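# Notes for the structure review
Listed below are the residues making up each chain.
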Amino acid sequence: MALDHEVAREQDQEEVSTATVVAYVLAAAVLFGWFLYGWLVLRQGFVNSIGEAAGTGFALLLIVSIVGTVRRSRR
């Protein structure tokens, strides 16, 4: 069974709104700030600060995933 990759790509692509891009950039800036705060202000160590920022980032991704699932199920 052959799959035309161009057709599959066209069907999967949706426009990303400017608000979404701004929200992702803002979240990345907040996570970087959280990392710097933990490392430089709290002096908890470089690796611990990376771990805390990564954990917070994964929690944000989980929230975004749940919200996206709820929004798609309502369509």
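So, how was this worked out
Residues numbered from 1 in each chain as written. Predicted model: local features only at pLDDT ≥ 70, side-chain atom pairs only at ≥ 80, totals over all residues. Heavy atoms only, no water. Helix = DSSP H or I, 4+ residues; strand = E, 2+ residues; numbered from the N terminus. Buried < 20%, exposed > 50% of the residue type's maximum accessible area, 1.4 Å probe, protein only. Areas by Shrake-Rupley, 256 points an atom, 1.4 Å probe, with all protein chains shown as cover. Expected span 1.5 Å × (residues − 1). Contact = heavy atoms within 4.5 Å. Phe/Tyr/Trp six-rings, centres within 6.5 Å; stacked < 30°, edge-to-face > 60°.

Right, let's talk about the overall build of the protein chain for a bit. Counting secondary structure elements, the protein chain contains three helices and zero strands. Within the protein chain, the proportion of its 75 residues that are buried is 9%. Here the protein chain displays about 6700 Å² of accessible surface, and carbon together with sulfur accounts for 65% of that area.

A word on helix 2 (residues 18–41). Helix length check: helix 2, at 24 residues, gives a terminal C-alpha distance of 33 Å against a target of 34 Å (1.5 Å per residue), a fit within 8%. Of the positions making up helix 2, those classed as buried are Leu-31, Phe-35 and Gly-38. For helix 2, the elements touching its buried residues are helix 3 (46–74). Residue Arg-43 follows helix 2 closely and has a positive phi angle near 50 degrees.

Moving on, we come to the packing of aromatic side chains. According to the stated counting rule, one finds five aromatic pairs in the structure shown. When the ring of Phe-35 is compared with that of Trp-39, the centres are 5.6 Å apart and the planes differ by 25 degrees; the resulting orientation is stacked. Taken together, the residues Phe-35 and Trp-39, both in helix 2 and four residues apart, mark about one turn of the helix. With a relative accessible area of 11%, Phe-35 lands in the buried category. We classify Trp-39 as partly exposed; its relative accessible area is 35%. Both rings, one in Trp-39 and one in Phe-46, keep their centres 5.1 Å apart while their planes meet at 70 degrees; by these two values the pair is edge-to-face. Relative accessible area serves as the criterion here: at 42%, Phe-46 is assigned to the partly exposed category. Members of the aromatic cluster, connected to one another through ring pairs, are Phe-32, Phe-35, Trp-39 and Phe-46.

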